[in-house]
Amino acid sequence: MSAATAHTGTPRRRTLAYLGLSVLGACIGLLFLLPLWWTFVNSLRPGGDTFRYLNPLQWETFFTATPTLSNYAALLHSDLGLATLNSVIVSAITVVVGLAICSMAAFALAAIPFRGSGAVFIVVVVSFLIPFDAIAIPLANLFRDWNLQNTYAGLILPGLGNGMAIFLLRTFFLAIPKDLVEAGRLDGLGWWGIFRRIYLPLSVPSLIGAGLTLFLFQWQSYMWPLLNGTDSQHILGPIALSNLQGQFNVDYGVMFAGSIVLTVIPLAIIIGFQRYFIQSVSTTGLK
Amino acid sequence: MNLLGSEDPTTFAPVIAAFKTKNPDITVKYAQVPFDQLNPTLQQRLGAKDDTIDLYTVDQPRLSQLAAQGFLEDLSTLKEQTKAAVPDAQYSVNLYQDKLWALPVWNSTQLMFFNKKSLDAAGIAYPSIDPAQRMTWEQIAKDGKAAQAAGTQFGLLLEQVEAYYQLQPLAESLGGGSGITGDKMLTTDITNTGWEKAMQWYSDTFSSGLSPRGVGGFQTSPLFTSGKVAYFVGGPWDIGNFAKSDIDWGVAPMPYFAGGSQATPTGSWSWGINPASKNKAAAKKFLEFASLDPAGNLATTDATTIIPANTAATAHYLPKLEALGGAKTTGLANLIAHENTQTATPRPVSVGYIQFEELMGKAFADIRNGSPVDERLKQATQQINDAWKQL
C-alpha cells in the first residue's frame with residue numbers, strides 16, 4: 001500500500017516540480033522583458049508623464065489607459081525616418097557584400113591548402129579580438145585622406161571584413177566532409193564550383209548566423225559615423241536617436257518611441273531567423 | 001560653410017535663414033553631433049585637421065584647452081567690438097593668454113522653480129522673485145521637508161545633480177572658491193572648509209531623502225513637471241517646457257547659504273573657427289552676425305529658450321522670456337538681469353578644466369550616493385593632480 005502511494009506520489013511530485021520550474025522560468029523570462037515593455041508603454045504616454053507612475057509601483061506603471069501615438073507622430077518631424085532608412089541600406093549592403101567576402105575568405109582558409117594559411121587565420125582571429133573602437137580613430141584619419149569621409153562607402157567599408165564572421169564560417173566549413181570535395185573534383189568542378197555548388201548550399205544556417213553578426217555590427221554603429229563626419233543626409237539610426245536628447249531637456253516619450261522603432265527592426269529579423277541562428281551556433285564545429 | 005554643434009537643427013535654422021537673407025552668396029550647412037559625443041568628436045576631427053568643419057560651438061570652460069591645442073583661430077582683431085557688445089563675464093571667458101579665441105553666443109543662469117500645489121499643501125509661503133529676498137539653502141531644506149511631510153515625494157532637486165556648473169555656487173557661497181587656484185590655475189583647492197561644508201550639506205540632502213538618488217544627469221525636469229518635487233533648481237531653458245506642462249509653478253532666485261555670499265552659475269556657448277577651415281572669411285562673417293549683431297544673436301534664441309550673450313539682444317529677449325511664463329514669471333527679466341551682472345560667478349579659466357570637470361563630476365556622483373565627503377574630496381584632489389601632471 002505504502003509502496004503504491006510512493007509510486008503514484010513520485011510522478012505527481014515530479015509534475016509539480018516541473019510545473020513549478022516552468023512557472024519560475026516564465027517569470028524570470030518576463031522580468032527580462034519588463035524594461036522593454038516599460039519603454040513601450042512610456043512611448044505611448046506624453047514625455048512629462050514618464051516618471052509619474054514610477055514610484056510607488058502601481059498598475060499604471062506598466063499599462064496606460066490613455067495610449068497616444070503623438071510621440072511616434074513627433075518622430076516624423078525628426079531625422080529618425082531618414083536615419084532608419086540609411087541604417088537599413090548600410091546594413092543590407094554590408095550583409096550582402098560582407099557575406100560574399102567573408103564566406104570566400106573562410107572557404108579559402110578551410111578548404112584550399114596554401115602556405116601561410118595558418119598565419120592568415122591568426123591575423124583574422126586577432127582582428128576580431130581587438131575592439132573596433134580601438135582602431136576607429138586612426139582608421140577615420142585614413143578614410144579622410146582617401147576622401148571617403150561622409151559617404152555611404154565610408155560607412156559600409158569597415159563592416160565588410162568581419163573576423164568573427166570568417167571565424168564562424170571557417171569552423172562550419174571545416175566540418176564539411178572532404179569526400180564531397182573529391183567527388184566534386186571528379187565531376188570536373190574547380191575551386192569556385194566546389195565553393196558555389198557544395199559549400200554554400202550546405203552552409204545556409206551558418207551563413208545566416210554570420211549575416212546577423214554583420215547586420216548587428218552596422219545596426220549598432222555609433223562612434224564610427226561620428227568620426228566619419230556624417231551629415232544629416234547620411235545620418236544613421238543610433239545617432240538620430242541620440243540627437244533626440246537635447247542638451248537642456250529630454251522628451252522621454254519621443255526618445256522611447258524612437259528606441260522602439262530602432263529595436264523592432266532587428267527584433268523582427270532575429271525572431272524570423274532565430275531557428276537558423278541557434279542551429280548555426282549549436283552545430284558550428286560539431287558536424 | 002559648415003557649422004557643427006550639438007543642438008537640434010531647428011535651433012539654428014532661424015539664424016541661418018536670417019544670415020542667408022543678408023548674404024545670399026554664402027550657404028551655411030549645419031551638422032549635429034549628439035551632446036555627449038561633441039567633445040570627443042571635436043578632439044578627433046580637429047586633431048586630424050578636418051577641413052569639413054568651418055565653425056563649431058565651443059563649451060566656454062573648454063575654450064582654454066581648445067586654444068592651447070591649436071584648435072581655434074585667433075580672433076583678437078574683434079576684441080574691441082566684442083568687449084562693447086557683451087557683458088564683461090562673457091568677454092573674459094573667451095580670452096586665453098590675452099587673445100580672443102571665440103565669440104559668445106549664449107549665456108545662462110540658474111533659477112529656483114517651485115511647485116505651488118506642493119507648497120500650498122504644507123502651508124508654506126511662496127518664495128519671492130525679488131533678488132533682495134533670496135532664500136537660503138537652510139530654509140529651502142526645512143521647507144522642502146515640510147512639503148514632503150504634507151505629501152510631496154521629494155523636497156528639493158537640482159537639475160544637473162552631478163554637474164560642476166550647478167554645484168560650484170554651493171562652495172562659492174560658503175567661501176570655498178572655484179576649486180582651482182594658483183598663478184597658472186593648476187592648483188586644486190577643494191578640501192577647504194567651504195567646499196567640505198557645502199558638499200556635506202549636499203550629501204545630507206540625499207541621505208535624508210530630501211532629494212532622490214535614482215535620477216541622474218540632465219534628466220530631472222520631467223520629475224518636476226510630474227508634480228513630485230517641491231523645489232527645483234534649473235535654467236531659463238526649463239521655462240518653455242514648464243509653461244507647457246499642467247502643473248502650477250513659480251520662479252525665484254537661486255538660494256545661497258545663510259551668512260555666505262550670493263553666487264549663481266553663468267556662461268554657456270561660444271562659437272569658434274577651425275584653423276584648418278578653407279572658408280574662414282565666410283565663417284567669420286557668419287560668426288560676427290550670430291554674436292555681435294544684435295538681430296543675428298537674437299535669432300539664435302528664436303527656436304529655444306536660452307539667454308543671448310549680446311547685451312542689446314538680451315534687453316530685447318528678457319521681456320519675451322518673461323511673457324512666456326505668463327503671470328507665473330512676472331519679474332523674471334529683472335531677476336535675470338540682476339543675476340547676470342551681480343551674482344554671476346564664471347567657471348574657472350584653466351587649461352586643466354576638462355579633466356577637473358570630469359573628475360569632479362565623478363566625485364559629486366559618489367558624494368550624493370553616500371561616500372564620506374572629506375575622504376572623497378581628498379581622493380578627487382589626488383586624481384585631478386595626477387591628471388594634470390600629464391598636461
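Residues numbered from 1 in each chain as written. Chains lettered and ligands numbered in written order. Predicted model: local features only at pLDDT ≥ 70, side-chain atom pairs only at ≥ 80, totals over all residues.

Asks: So what's going on with the overall build of chain B? Residues and values would help.
Replies: Helix and strand content of chain B: 17 helices and 15 strands. A compact globule built from 391 residues would reach a C-alpha radius of gyration of about 21 Å, and chain B, at 21 Å, matches this within 12%. Expressed as lengths along the three principal axes of its C-alpha atoms, the size of chain B is roughly 65 × 50 × 30 Å. Considering only intrachain contacts with a sequence separation of at least 6, the fraction spanning at least 24 residues in chain B is 75%. (Helix = DSSP H or I, 4+ residues; strand = E, 2+ residues; numbered from the N terminus. Rg over C-alpha atoms; globule rule 2.2 N^0.38 Å. Contact = placed C-beta atoms within 7 Å.)

Asks: Report on the sheet that holds strand β6 (residues 103–104) of chain B, specifying residues and quantitative values.
Replies: Residue and element names in this part refer to chain B. Strand order in the open sheet made by the 5 strands is β2-β1-β3-β14-β6, with mixed pairing throughout. Every interior strand has two partners, whereas the edge strands, β2 (29–32) and β6, have only one. Here 2 bridges tie β6 to strand β14 (residues 269–273), and the two strands are oriented antiparallel to one another. Within β14, the position partnered with Leu103 by the bridge is Trp271. Packed on one face of the sheet, helix α1 (residues 9–22) meets β1 (2–5) and β2 and runs near 165° to β2. Seen against the sheet, helix α12 (residues 280–291) touches β3 (55–59), β6 and β14 and runs at an angle of roughly 160° to β14. (Pairing = 2+ DSSP bridges. Axes fitted to C-alpha atoms, helices over the stretch in contact; angles between N-to-C directions.)

Asks: Summarise the domain arrangement of chain A; cite the residues concerned and give the values.
Replies: Residue and element names in this part refer to chain A. Looking at chain A, the domain boundaries give domain 1 (2–68) and domain 2 (73–283). For domain 1 versus domain 2, the separation of C-alpha centres amounts to 35 Å. With 8 residues of domain 1 in contact, the opposing surface of domain 2 contributes 8 residues. In terms of residue class, the side of domain 1 that touches domain 2 is built from 2 nonpolar, 5 polar and 1 charged. (Domains from an automatic or database assignment. Nonpolar A, V, L, I, M, F, W, Y, C, P; charged D, E, K, R; others polar.)

Asks: Talk me through the interface of chain A and chain B; I want residue IDs and the actual numbers.
Replies: Taken together, the contacts link 28 residues of chain A with 29 residues of chain B. Counting only elements with at least two residues in the side of chain A that touches chain B, the list comes to α6 (132–145), α12 (223–227) and α13 (237–243) of chain A. A total of 4 residues in the side of chain A that touches chain B trace back to one element, the largest contributor, which is α6 of chain A. Among the residues making up the side of chain A that touches chain B, the classes are represented as 9 nonpolar, 15 polar and 4 charged.

Asks: Outline the domain arrangement of chain B, listing residues and values.
Replies: Residue and element names in this part refer to chain B. Looking at chain B, the domain boundaries give domain 1 (2–107 + 267–336) and domain 2 (111–265 + 348–389). Summarising the inter-unit geometry, the C-alpha centres of domain 1 and domain 2 are found 27 Å apart. Counting residues at the interface gives 19 residues for domain 1, matched by 17 residues for domain 2. Partitioned by chemical class, the residues of the side of domain 1 that touches domain 2 number 10 nonpolar, 7 polar and 2 charged.

Asks: Could you give an account of the sheet that holds strand β9 (residues 154–158) of chain B, naming the residues involved and the relevant values?
Replies: Residue and element names in this part refer to chain B. On the basis of which strands lie adjacent, the open sheet formed by 4 strands has the order β9-β12-β8-β13 and mixed pairing. Looking at which strands have only one partner, the edges of the open sheet turn out to be β9 and β13 (249–253). With direction set aside, neighbouring strand axes in the sheet form an average angle of 20°. With 5 bridges joining them, strand β8 (residues 111–115) and β13 adopt antiparallel strand pairing.

Asks: Got a sec to walk through helix α11 (residues 237–244) of chain B? Specific residues and values, please.
Replies: Turning to α11 of chain B, its buried residues are Trp237, Asp238, Ile239 and Phe242 of chain B. Packing partners of the buried residues in α11 of chain B comprise β8, α10 (221–225), β12 (229–234), β13 and α14 (311–324) of chain B. (Buried ≥ 20, exposed ≤ 12 C-beta atoms within 10 Å, placed from the backbone.)

Asks: So what's going on with the nonpolar core? Which residues, and what values?
Replies: One finds Leu55, Phe113, Trp271 and Phe286 of chain B to be the most contacted residues of the largest nonpolar core, which totals 133 residues. Beyond its immediate stretch of four places on either side in the chain, Phe286 of chain B contacts Met1, Phe19, Ile26, Val28 and Leu55 of chain B. Grouped together as the second largest cluster of nonpolar side chains are 26 residues, Ala106, Ala165, Tyr199 and Leu212 of chain A included. (Core = buried A, V, L, I, M, F, W, Y, C linked by C-beta atoms within 7 Å.)

Asks: Help me get a handle on the pairing of β12 of chain B, residues and values and all.
Replies: All names here are of chain B. Of all 6 residues in β12, 6 are buried; the element is thus mostly enclosed. Strand direction decides the pairing type here: β8 and β12, joined by 4 bridges, are antiparallel. Looking at β12, one finds that Leu111 is bridged to Gly234. Of the pairings in the sheet, the one linking β9 to β12 comprises 4 bridges and is parallel in character. In the strand pairing of β12, Phe154 is matched with Val229.

Asks: An account of the packing of helix α5 (residues 117–129) of chain A against helix α8 (residues 163–174) of chain A is requested, with residue identities and associated values reported.
Replies: All names here are of chain A. Between α5 and α8, the least distance of the axes is 8 Å, while the angle of their chain directions is 130°. With respect to each other, α5 and α8 are oriented oblique. Every pair of crossing elements has a handedness; the one defined by α5 and α8 is left-handed. Counting all contacts with α5, which are made through Val124, Val125, Ser127 and Phe128, the residues of α8 involved are Gly163, Met164, Ile166 and Phe167. Here the contact of α5 with α8 is built from residues that sort into 6 nonpolar, 2 polar and no charged. (Parallel < 35°, antiparallel > 145°, perpendicular 65-115°, else oblique. Left-handed = near helix turned anticlockwise from the far one by under 90°.)

Asks: Now, about unusual backbone geometry: what can you tell me, with residues and values included?
Replies: Although it is not a glycine, Gln97 of chain B adopts a positive phi angle of roughly 50°. Looking at where Gln97 of chain B falls in the secondary structure, it is placed in the loop between β4 (95–96) and β5 (99–100).

Asks: Report on helix α10 (residues 191–202) of chain A, specifying residues and quantitative values.
Replies: Residues and elements named next belong to chain A. Its 12 residues place the ends of α10 16 Å apart at the C-alpha level, agreeing with the 16 Å of an ideal helix rising 1.5 Å per residue. For α10, the complete set of buried residues consists of Ile194, Phe195 and Tyr199. Taken end-on, α10 shows its buried residues confined to a sector of 95°, consistent with a single buried face. With respect to the buried face of α10, the exposed residues turned more than 90 degrees away are Trp192 and Pro201. Those residues of α10 that are buried lie in contact with α4 (80–111), α8 and α9 (178–186). (Expected span 1.5 Å × (residues − 1). Arc of directions from axis to C-beta.)

Asks: Account for the environment of Ser208 of chain B, with residues named and values stated.
Replies: Residues and elements named next belong to chain B. If you trace the backbone, Ser208 turns up in the loop between α9 (193–207) and α10. We classify Ser208 as partly exposed; it has 13 C-beta atoms within 10 Å. For the pair Ser208 and Ser178, spaced 30 residues apart in sequence, the C-alpha to C-alpha distance is 27 Å.

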